[in-house]
Amino acid sequence: MRLRVSSGVLVLAVWFGLLTGLLEGVGLLAAQRLGWLEWETLQRGVGPEIVWIACLVDLVLFGSIGFMLLVVSRVFPRLPIMRISVFVFAFMAIADLVALTGRILIYAVVTLATGVAATCLRWVGNNEQAAVRFWRKSVGVVAAGAAVALVGIPGGYWLGERISMARLPAAAPGAPNILVIVVDTLRADHLSSYGYQRATSPNIDRLAQQGVLFENAFSESSWTPPSHATILTGRHPSEHEVEWNKGLDDRYPTIPEVLRTHGYRTAAFTGNSDWFSRRIGFGRGFMHFEDYFYSVTDMFVRTVFGRTVAEWRLVGRMGLSIKPRYQKERRRAPIINRSVLRWIHREPERPFFVFVNYYDVHEPYEPIDRYRRKFAGESQGGDRLRIDAYDGEIGYVDEHVARLVEEVEAQRRAQPLLVIITSDHGESFGDHGFYLHANSLYLNEIHVPLIVRWPGKVPGGGRVDAPVSNAAIPATLMELIGRGEQSVFPGLSLVRLWKQEAPASDRDDILAEIARQPFAPEKLPAYHGWTKSIVTPEWHYMEHEKFGSQLFNWRADRGELHDLSKRPDLQGMIKRFRLHLKRGGTNERAAAAPPN
Ligand SMILES: [Zn+2]
């Protein structure tokens, strides 16, 4: 009898645990798709892998509770342990599924789960024999469902990549491997090669000397999603329209899509899984995309139970908090490098296109000890402390950028390697009264590094002064691999700038844009409306939806402290800028029909 009770409780634990996991996984995917998730929860994105991960987490959780209930039943043998188990498991299952969107208050979750569990208990009380029979009979089906998820989802990805590989056309002989590195949140003027007084970037500086460095490169937004969409499509934010409430759709081709048609294997590896991820539509064209689930902790915090523990909604009130440890959890550069090298290694003959987003420089700035000490003490107090830590992170990522390039070259010794290094936006350290980014479009938030290195093909030691946008990366890549004629990307390649073939007047617009960010703090301009800007060789014109325009001579006034928008002699030019922004840039671009 006792054995029967024990196995009955465990069957219940497995049945409820796995079924909750399956429903939770599918529910999270559906809620993410339908936009039902609460803002913080939404950013903790998920891919299909969440189905088997939630199954495992819930199996362990429900199983542990099952064992505890058995221990209790040994100590108090008279307790109706089956009924208690039914109530506890039903409560946990309902609470898990109701809490899924993150929108329902904990009290409501508890009340609802208690009510449903009590109803469930009453029903079982009247039909105990039948209920137990049902659970014993169907536990196999539930377990089979979980097993299908566990094997089928990773297997599906593996198979999908094999099929894409088999379908790739032959690559041209001598096609270079391509590595595009985005160091998220890296402002150009904090690199030594861009004139910073600290030696933050000896390695990137060396790579720059082996290629061409663009002294005045700009990102087309001051935050991650629109800027990455521009880098991958060559389109302005006003064209692709990617923002916090809209992902990348399939109107415009991306670099990996096009490179696949030229025989390239394609993969992306991201440290910024909140905003450069499959959830935002960036998976398109990549045969392999690593965003979520890189570690056991990362898997755990994306399940409902894991996230509750991480955010400590439940136990935080008891004065315990493990939040900081989870917050620090991020995919650091060496972890990304390991994944990249492993993936490259699988197919030694095919040329590859790898897109990397390093997140180490992004706040919270918490460099490892060696780099925390590197610049500490040189400056005093407040903002300077932040800057010391930020610079320390640059030193750290600088080391790992160089390691990746060296190790890829060591692995593919006989093959040419084309490397592009840039960033998606800068950062504010009190500049104009702001911190972090996505506040405005002042230069410190959009001036980014841009380095193109391909020994033998791109001259070493080149420096280009002309302002450029990193929207030119797709067109430039196409020209460099000898497919410039077939390029479907807009804009002019940057090759002509280091070859000095371009007339001064012949240049693309450098436009930047950030939409209204309703979740931003109220004191920031981004909370109150959109900002758009245009950079010309001399001027930076910026327009806010509510606060009007500003104009800076950025060459003479790098800090943008002197707004010239009221100067009578400049009003004609300002009018032209305004009209130009309204039209969304150059006429050629505006008139060009999007490819289908
Ligand atoms: Zn970013």
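See the structure above.
This is a predicted model, so every value here is computed, not measured. Every chain's residues receive numbers from 1 upward, in the order its sequence appears when written. In keeping with the model being predicted, local features are shown solely for residues with a pLDDT of at least 70 and side-chain atom pairs are shown and tallied solely at 80 or more, while totals for entire chains, interfaces and linings include all residues. In computing side-chain values, all of the structure's heavy atoms are included and hydrogens and water are not.

Chemist: What is the right way to read the coordination of the zinc ion from this model?
Modeler: For a metal with four tetrahedral donors the ideal donor-metal-donor angle is 109.5 degrees, whereas six octahedral donors ideally subtend 90 or 180 degrees. Note: metal donors comprise N, O and S atoms at 2.8 Å or less from the metal (3.2 Å for Na, K and Ca); water molecules are not included, so apparent gaps in a site are possible. Protein coordination at the zinc ion: the donors are Asp184 (OD), Thr224 (OG1), Asp424 (OD) and His425 (NE2), at 2.1 Å from the metal. Every geometry call rests on angle ranges, with four donors termed tetrahedral when all angles are between 85 and 135 degrees, four termed square planar and six termed octahedral when opposite donors are over 155 degrees apart and all others are between 65 and 115, and everything else termed irregular. Here the zinc ion binds four donor atoms, and the angle range of 99 to 129° at the metal identifies the geometry as tetrahedral. Sequence positions of the residues that donate to the zinc ion give the spacing D-x39-T-x199-D-H. One end of the pair, Asp184, is in the loop between strand E1 (177-183) and helix H7 (202-209); the other, Asp424, is in the loop between strand E7 (417-422) and strand E8 (428-429), and 240 residues separate them in sequence. Summary of the burial criterion: residues with accessible area below 20% of their type's maximum are buried, those above 50% are exposed, and those between are partly exposed, where the area comes from a 1.4 Å probe applied to protein chains only. Judged by relative accessible area, which is 0%, Asp184 ranks as buried. Overall, Asp424 belongs to the buried group, its relative accessible area being 0%. Segments assigned H or I by DSSP are reported as helices when at least four residues long, segments assigned E as strands when at least two residues long, and all are numbered from the N terminus.

Chemist: I'm lost on the state of the cysteines in this one. Help?
Modeler: Here, disulfide denotes a covalent bond that connects the sulfur atoms of two cysteines. Here, the term disulfide refers to a pair of cysteine sulfur atoms separated by no more than 2.5 Å. Within this structure, the stated rule accounts for zero disulfides. Cys55 carries a free sulfur, and the closest cysteine sulfur to it, the one in Cys120, is 19 Å from it. Overall, Cys55 belongs to the buried group, its relative accessible area being 3%. What makes Cys120 partly exposed here is its relative accessible area of 24%.

Chemist: I tried to follow the sheet that holds strand E3 (residues 217-218) on my own but got confused; where do I start?
Modeler: By definition, the strands of a sheet pair up through backbone hydrogen bonds, in either a parallel or an antiparallel sense. A pair of strands counts as paired when DSSP detects no fewer than two bridges linking them. On the basis of which strands lie adjacent, the open sheet formed by three strands has the order E10-E3-E13 and mixed pairing. With partners counted over all chains shown, the strands left at the sheet margins are strand E10 (447-448) and strand E13 (468-469), one partner each. Pairing of E3 with E10, which is carried by two bridges, proceeds in the antiparallel orientation. Paired with Phe218 across the bridge in E10 is His447.

Chemist: What should I look at first to understand the sheet that holds strand E16 (residues 539-544) in this one?
Modeler: Taken together, the four strands give an open sheet; going across it, the order is E14-E15-E16-E17, and neighbouring strands pair in antiparallel fashion. Edge strands, defined here as strands with exactly one partner in the open sheet, are strand E14 (510-514) and strand E17 (548-553). With direction set aside, neighbouring strand axes in the sheet form an average angle of 15°. Of the strand pairs in this sheet, E16 and E17 are connected by six bridges, and their pairing is antiparallel. Across the sheet, residue Glu543 finds its bridge partner in E17, namely Ser549. Running over the sheet, helix H21 (residues 571-582) touches E14, strand E15 (531-535), E16 and E17 and is turned about 60° from E16. Only the contacting stretch of a helix is used when fitting its axis, a line to C-alpha atoms as for every element, and angles between N-to-C directions run 0 to 180 degrees. We call two residues in contact when some of their heavy atoms are within 4.5 Å.

Chemist: Would you mind showing me how to read the pattern of salt bridges here?
Modeler: Any two side chains of opposite charge can pair, so long as their charged atoms come close to each other. In the sections that follow, a salt bridge refers to a side-chain nitrogen of Lys or Arg positioned within 4 Å of a carboxyl oxygen of Asp or Glu. Throughout the structure, instances matching the rule amount to 26 salt bridges. We note a salt bridge from Glu49 to Arg278, for which the minimum N-O separation is 3.4 Å. Note that Glu49 is positioned in the loop between helix H2 (39-43) and helix H3 (50-75) and Arg278 in the loop between strand E4 (265-270) and strand E5 (288-290), a separation of 229 residues in sequence. One salt bridge in this structure joins Arg187 and Asp189, with 2.8 Å as the shortest N-O distance. Sharing partners across several salt bridges, the network here consists of Glu241, Lys246, Asp249 and Arg251.

Chemist: Would you mind going over the packing of aromatic side chains with me for this structure?
Modeler: Centre-to-centre distance and the angle between the planes together describe a pair of aromatic rings. By convention, a stacked pair of Phe, Tyr or Trp rings (six-membered ring in the case of Trp) has centres within 6.5 Å and planes under 30 degrees apart, an edge-to-face pair has planes over 60 apart, and any other such pair is tilted. For the structure on display, the rule yields 29 aromatic pairs. Aromatic pair Tyr365 and Tyr390: ring centres 5.5 Å apart, planes at 75°, arrangement edge-to-face. Note that Tyr365 is positioned in the loop between strand E6 (352-358) and helix H15 (369-374) and Tyr390 in helix H16 (residues 382-411), a separation of 25 residues in sequence. Taken individually, Tyr365 and Tyr390 each receive the classification buried, so the pair is uniform in this respect. Linked through ring pairs, Trp15, Phe16, Phe62, Phe89, Phe134 and Trp135 together constitute an aromatic cluster.

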